[in-house]
Amino acid sequence: MAEDIQHNQKSNFNGLTKSAKSGASKKLIIKNFKDRPKLTDSYTEDTWMKLRDAVSAIQNSTSIKYNLEELYQAVENLCSYKVSPVLYKQLRQVCEDHVQAQIHQFREYPSSSLDSLSFLKRMNRCWQDHCSQTIMIRSIFLFLDRTYILQNSLLPSIWDTGLELFRTHIVSDGAVQSRTVEGILEQIERERNGETVDRSLLRSLLGMLSDLQVYKDSFEQRFLTETNRLYAAEGQRLMQERDVPEYLHHVARRLEEENDRVISYLDQSTQKPLITTVEKQLLGEHMNAILQKGLWMLLDENRVCELMLLYELLNKVKGGLTALLQAWRDYIKSFGGEIVSSPEKDKEMVQELLDFKDKMDHVTQRCFQRNDTFINAMKEAFESFINKRPNKPAELIAKYVDSKLRAGNKEATEEELERILDKIMIIFRFIHGKDVFEAFYKKDLAKRLLVGKSASVDAEKSMLSKLKHECGAAFTSKLEGMFKDMELSKDIMIQFKQVLWLMRTHNALSDKCVYVFQMVKLQEVFKLFYLGKHSGRKLQWQPTLGHAVLKTEFKEGKKELQVSLFQTLVLLMFNESDECSVEEIRAATGIEDGELKRTLQSLACGKARVLNKMPRGKDVEDADRFHFNSDFRHKLFRIKINQIQMKETVEEQVSTTERVFQDRQYQIDAAVVRIMKMRKTLSHNLLVSELYNQLKFPVKPADLKKRIESLIDRDYMERDKENPNQYHYVA
């Protein structure tokens, strides 16, 4: 503030001094020494009296009787006569006497707290007047300031002398300084409590303390102490009273207010310790409580704004992001662990994992500023919890992919399906037991290809490409082979139909047999045909995946029914009888009870009801009877009778899992032999360590020990005779 006053006053009075040295005023200046008035005691005394009167007038805010140019010239004359030391001493004394006289008004000022603001206003007015007076005096004594004082490095300038006198005789007075600082602190506290205060007054007074170089010692230390006390109490109170979102917004508002105070009236040097104090008391001291009380709630409720704020605030506190990172990692492990470890929720597991991953990705992108540390922590947490339950997540991910790649899936367009597959691959990367996924995926892919249920060949090949990129060509070689087998199968069927036509032409295949027997006969014919072309192979029939086209005649006319093999066996029974019971159909077809009831439901209770059920109803019971519906009508000639494909049985699931475990045993054996063949001799611990590095699926130490024992029994390796924990390779 003093500098502002000084600048404004300088612009006015410098103009006066410059005009005294230029233009028409030049003729008033004595040109040479012999034209100057003769230096006598009376001249010196008279000249000083004029100058003292002028200074007194300035200090008392009365009019100056003398021309400013004349006063400036008088100072120059005295300096030319080498009386500058005396002139400086006399000027300082006059100024000091005046400043000393000012202290009484503050010492005698009423001490009531109600008079605190008026005390500050009086102090500010005194300071403002002192600055204006000092600048005015300096403009008159400018020649002295720029010659004698400037040449003496030990002497302060007239401006600095004015500051020194004000500091020494007014501000450094213990009682006055204490009351001034307490008054300022009181105004700041009122503003913090929501009251309106005179910011310009605070800016001027704090500027005074800064100009007088007592800001840090007299004010800042006490201010920071009071700030620390205030926010320590406020933090404790509000953490009890408010929820975390409300508390975070309060902290952000407080930090904004304190930064605004620095801009408005505090010295810039105060900003760092002030903000650090607020952050420490409102955030640092309650960091763990904020995270424990609020982070999980914010994540559960997807409070994006508050999560962004939490990250920004904790980023300001030492150790804040580290604590947030750990709490964030713990949340993911806990929430994800509940998804994975609940068998009753297995049907929804994969979709919930995908949704959870999307949500956590959104949080890292929007709230955590795409911080790589948080992204990596999220990946580690997903990998941790998803493998807490071995094998099952891998199995369910394979089945989820199967549900998305089936032809009946109408949920997504090709572009959406591609995005879903990309998301699935992200979850897939976290799984350790990828061989389990491969086994179930291979089984389901075979079903889709055999019954023609793939949503799209492009989608199937896209998924294989993703798996190949992630796991390598060896992982997908068998899967890719299935597509080649399907192409070969088409060629084989064309050739078989040609052979079948020739056999019928030569009456080698009887048409008079019952239809079920005919189907068995056709199987035998195809077997002979196939093994004749491919020696050393074995055919395995999958009746649950077969389908056929039946020609039939209703009252409406002839139709073709596209049906499954089980539906075929049931319908063929009605060639011999118009009505059959459930028990009769079961005995004749040998279809498993649960699958038989689903088959009968599809024929008698669905949209295309080619059989009638008595009594009517959606469920099939053992006492129900069925008869052919000759009145069946449909607008299409070829009608597809939908049937829910037989769900995976427990036995089939166990069989697939067992095959995975058997394959793992082979891989462990191969790895042990490979390592021992290269190393020749190895300790048990080093062998196990090497195996963990090479095997790509989770394995327990006990399982490794069993495989090592098995290889020892089969003479692939042997124990050292002196050290049983040492193994030798047997060539």
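- In the annotation of an unreviewed UniProt entry, the chain is listed under the name Cullin-4A and assigned to Sinocyclocheilus anshuiensis.
- Its UniProt record, at the heading Sequence similarities (unreviewed entry), says of the chain: "Belongs to the cullin family."

Remarks on the overall build of the chain
Step number 1: The helix and strand tally for the chain stands at 29 helices and nine strands.
Step number 2: Here the chain holds 731 residues, and 44% of them are scored as buried.
Step number 3: For the chain, contacts bridging at least 24 residues in sequence account for 70% of all contacts bridging at least 6.
Step number 4: Accessible area for the chain stands at about 40000 Å²; split by element, carbon and sulfur atoms hold 50% of it.

With respect to the pairing of strand β4 (residues 611–614)
Step number 1: Side chains L611 and K613 project from β4 onto a buried face, and the interleaved N612 and M614 project onto a face without burial.
Step number 2: Sheet analysis places β4 next to strand β5 (residues 625–628), joined by four bridges and oriented antiparallel. In the strand pairing of β5, K613 is matched with F626.

As for helix α11 (residues 244–264)
Counting along an α-helix, one turn takes 3.6 residues, and residues three or four places apart therefore face a common direction.
Step number 1: Under the 1.5 Å per step criterion, the end-to-end length of α11 is 30 Å for 21 residues, consistent within 8% with the ideal 30 Å.
Step number 2: Residues of α11 that are buried include every one of V244, P245, Y247, L248, H250, V251, R254, L255, E258, R261, V262 and S264, and no others.
Step number 3: Looking at the packing, one finds that the buried side of α11 touches α8 (174–192), α9 (199–211), α10 (215–241), α12 (271–282), α13 (287–300) and α14 (304–314).
Step number 4: The N-terminus of α11 is capped by D243, whose side-chain oxygen sits 3.0 Å from the backbone nitrogen of E246.

Some details on the packing of aromatic side chains
Step number 1: Under the definition given, this model contains 22 aromatic pairs.
Step number 2: With 4.7 Å between their ring centres and 25 degrees between their planes, F335 and F356 make a pair best called stacked. With a gap of 21 residues between them, F335 in helix α15 (residues 320–340) and F356 in helix α16 (residues 346–367) connect regions that are remote in the sequence.
Step number 3: Residue F356 is classed as buried on the basis of its relative accessible area, which comes to 3%.
Step number 4: Measuring from centroid to centroid gives 4.7 Å for F368 and F374, while their planes differ by 50 degrees, and the two rings are tilted.
Step number 5: Taking relative accessible area as the criterion, F368 reaches 0% and is therefore assigned buried.
Step number 6: Ring pairing ties together the aromatic residues W296, Y331, F335, F356, F382, F385 and F430, which thus form one cluster.

Cut-offs and rules
- Residues numbered from 1 in each chain as written.
- Predicted model: local features only at pLDDT ≥ 70, side-chain atom pairs only at ≥ 80, totals over all residues.
- Heavy atoms only, no water.
- UniProt positions renumbered as here; feature names shortened; annotations may be inferred.
- Helix = DSSP H or I, 4+ residues; strand = E, 2+ residues; numbered from the N terminus.
- Buried < 20%, exposed > 50% of the residue type's maximum accessible area, 1.4 Å probe, protein only.
- Contact = heavy atoms within 4.5 Å.
- Areas by Shrake-Rupley, 256 points an atom, 1.4 Å probe, with all protein chains shown as cover.
- Pairing = 2+ DSSP bridges.
- Expected span 1.5 Å × (residues − 1).
- Polar contact = N/O pair within 3.5 Å; in protein donor to acceptor, adjacent residues only side chain to side chain.
- Phe/Tyr/Trp six-rings, centres within 6.5 Å; stacked < 30°, edge-to-face > 60°.

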